[in-house]
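# Structural characterization, general
Each chain, written out:
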Amino acid sequence: MSAHFTRRSLIRGITAATTVATLATGLAACGGDSDAATTTDSSGTVTVGRVSNGAAKETALKVAEVKSISAELPDTVKKSGKLLIGSGTLPSGAPPLGYIGSDQKTLTGSESDLARLVAAVLGLKPEVKQFTWENLFVGIDSGKVNVGFSNITDTEERKKKYEFASYRKDDLAFETLKTSKWSFDGDYEALAGETVSVGAGTNQERILLEWQSRLKKEGKKLTIKYFQDSASIYLALNSGKIDSYFGPSPNLSYHATQTASTPNPTKIAGQFSGAGETLQGLIAATAKKDSGLAKPLADAINYLIDNGQYAKWLAAWNLSNDAVSKSEVNPPGLPLDNS
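Description of the structure in this document. Note that this is a predicted model, so its numbers are computed, not measured.

Working definition: two side chains of opposite charge can pair if their charged atoms are close together. This model, assessed by the stated rule, comprises 14 salt bridges. Through salt bridges that share partners, E72, K295 and D299 make up one connected network.

Counted according to the given criterion, the structure contains 15 aromatic pairs. Considering the side-chain rings of F174 and F246, the 4.3 Å spacing of their centres and the 15° angle between planes classify their relative orientation as stacked. You can see F174 sitting in strand β11 (residues 162–177) and its partner F246 sitting in strand β14 (residues 244–248), a full 72 residues away along the chain. For the pair shown, F174 and F246 are each scored as buried. Aromatic side chains Y234 and Y245 sit 5.8 Å apart centroid to centroid with 85° between the ring planes, which places their arrangement in the edge-to-face category. Of this pair, Y234 sits in helix α8 (residues 230–239) while Y245 sits in strand β14, and the two are eleven residues apart along the sequence. Y245 carries the same exposure label as Y234, and that label is buried. Connected via pairs of aromatic rings, a cluster forms that spans F174, W182, F184, W211, F246 and F272.

This next bit is on the nonpolar core. Side chains of nonpolar character tend, in soluble globular proteins, to be buried together. With 48 residues, the main nonpolar core has V118, F149, L297 and W313 as its most contacted residues. Residue assignment for this core shows that the elements contributing at least two residues are β4 (45–48), β6 (82–90), α5 (110–121), β11, β16 (281–288), α10 (294–306) and α11 (309–316). Sorting elements by how many residues they give to this core places α5 first, with seven residues. For L297, the residues in contact, after removing those within four places along its chain, are V118, L122, V147, F149, A165 and A285. If you look at the next biggest cluster of nonpolar residues, it comprises 19 residues, including W182, L191, L209 and L334.

Take unusual backbone geometry next. Of note, the amide linkage connecting L90 to P91 takes the cis form, showing an omega dihedral of 5°. By the element assignment, P91 lies in the loop between β6 and β7 (99–100). Cis geometry marks the peptide bond from P95 to P96; its omega dihedral reads 10°. Relative to the assigned elements, P96 resides in the loop between β6 and β7. A positive phi is found at N53, a non-glycine position, where the angle reads about 60°. By the secondary structure assignment, N53 is in the loop between β4 and β5 (59–62). Although it is not a glycine, N318 adopts a positive phi angle of roughly 60°.

Of all eight residues in β16, seven are buried, a share of seventy percent or more. With two bridges connecting them, strand β10 (residues 147–148) and β16 associate as antiparallel partners. For G148, the partnering residue across the bridge sits in β16 and is T286. Judged from the eight bridges that link them, β11 and β16 form a sheet pairing that is antiparallel. Paired with F164 across the bridge in β16 is T286.

Restricting attention to buried positions, one finds in α11 the residues Q309, Y310, W313, L314 and A316. Angularly, the buried residues of α11 cover 160° about the axis, an arc narrow enough to put them on a single face. Packed against the buried residues of α11 are β4, β5, α5, β11 and α10. Looking at the residues trailing α11, positive phi occurs at N318, about 60°.

Glancing now at the environment of G308. By the element assignment, G308 lies in the loop between α10 and α11. Since its relative accessible area comes to 25%, G308 is described here as partly exposed. In this structure the C-alpha to C-alpha distance between G308 and K62, which are 246 residues apart in sequence, comes to 9.8 Å.

α10 packs onto α5 with a crossing angle of 100° between their chain directions and a minimal axis gap of 9 Å. For the element pair α5 / α10, the angle class is roughly perpendicular. Across the interface between the two elements, L114, L117, V118 and V121 of α5 pack against L297, A300, I301, Y303 and L304 of α10. Classifying every residue of the contact of α5 with α10 gives nine nonpolar, no polar and no charged.

To continue, consider α5. Structurally, the α-helix is built with 3.6 residues per turn, so residues lying three or four positions apart point the same way. The terminal C-alpha atoms of α5 lie 17 Å apart, and with twelve residues this matches the ideal 16 Å at 1.5 Å per residue to within 8%. Of all twelve residues in α5, twelve are buried, a share of seventy percent or more.

Most of β6 is tucked away: seven of the nine residues are buried. Across seven bridges, β6 lies against strand β9 (residues 125–132) in parallel orientation. Within β9, the position partnered with L90 by the bridge is T132. Here two bridges tie β6 to β10, and the two strands are oriented parallel to one another. Directly across from G86, in β10, lies its bridge partner G148.

Thresholds applied
- Residues numbered from 1 in each chain as written.
- Predicted model: local features only at pLDDT ≥ 70, side-chain atom pairs only at ≥ 80, totals over all residues.
- Heavy atoms only, no water.
- Salt bridge = Lys/Arg side-chain N within 4 Å of Asp/Glu carboxyl O.
- Phe/Tyr/Trp six-rings, centres within 6.5 Å; stacked < 30°, edge-to-face > 60°.
- Helix = DSSP H or I, 4+ residues; strand = E, 2+ residues; numbered from the N terminus.
- Buried < 20%, exposed > 50% of the residue type's maximum accessible area, 1.4 Å probe, protein only.
- Core = buried A, V, L, I, M, F, W, Y, C linked by side-chain atoms within 4.5 Å.
- Contact = heavy atoms within 4.5 Å.
- Pairing = 2+ DSSP bridges.
- Arc of directions from axis to C-beta.
- Axes fitted to C-alpha atoms, helices over the stretch in contact; angles between N-to-C directions.
- Parallel < 35°, antiparallel > 145°, perpendicular 65-115°, else oblique.
- Nonpolar A, V, L, I, M, F, W, Y, C, P; charged D, E, K, R; others polar.
- Expected span 1.5 Å × (residues − 1).

Rendered as structure tokens:
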């Protein structure tokens, strides 16, 4: 990410001190409407996995409005008839979670697919807007979007500003070149002397910075490098400028499978829960705190879980191992002390 964002401000999740001028500029520069990769036809069928370029199996799912759940929506959202969905996938995205599809114009991915399934249960028309990661939160703060479906980790820090409806396990991973002998077993001491790339403003950056701080106190060095997009990260990995990349497990696992027959194959060198050492991390739909959206979102997700569409959505994107048994409103997340 751009160097003018301070690491602390990004970790804090884009603070309330963001000025009106910056807000307007950021939204104009980094947000945009997207063509929908999921469609709902007149018979109430939602098709997921479209134009996925092989990352998913295109699957048609029957889903319709559930009046008892849509009745829970805040009046402003109900009257608008739309669910404005934020996706932090600019500039380049990363499969299978969110990226531009094989037609070179349509946003596809598991996250926006679930968002549109949820919108169908709520009886709302889905509209997806793309942002850079940091401006996704600005978009939620400003009301430009109602909710973020973009691999957002539930954390106690973020609960100061947002409310959550969980829907998938959050596991992180280290990706290295296949020739590397380095591995990570959960002990941060293994990172001493390593150079690692991570996305700025992400939950994994917060964890990595905490490990860096611990190592520094021990007189050891962990170098962290930032890049604008995934293409730049992998160029750095292939050239030896970084030793590994720390990011969302689904993204990295998918990428590793895609490199198998290339001159520079990669591998997953270790995993870690997005909520730290003692708690299973969770990915959650994220709305502005006190918006009144978390409960209807969770109820819609639980309807999809109970009626089978959720499992079929995960299976279509090869993410069945990330399944949760239920969606929870504001479940425990990454603690403030990262422990």
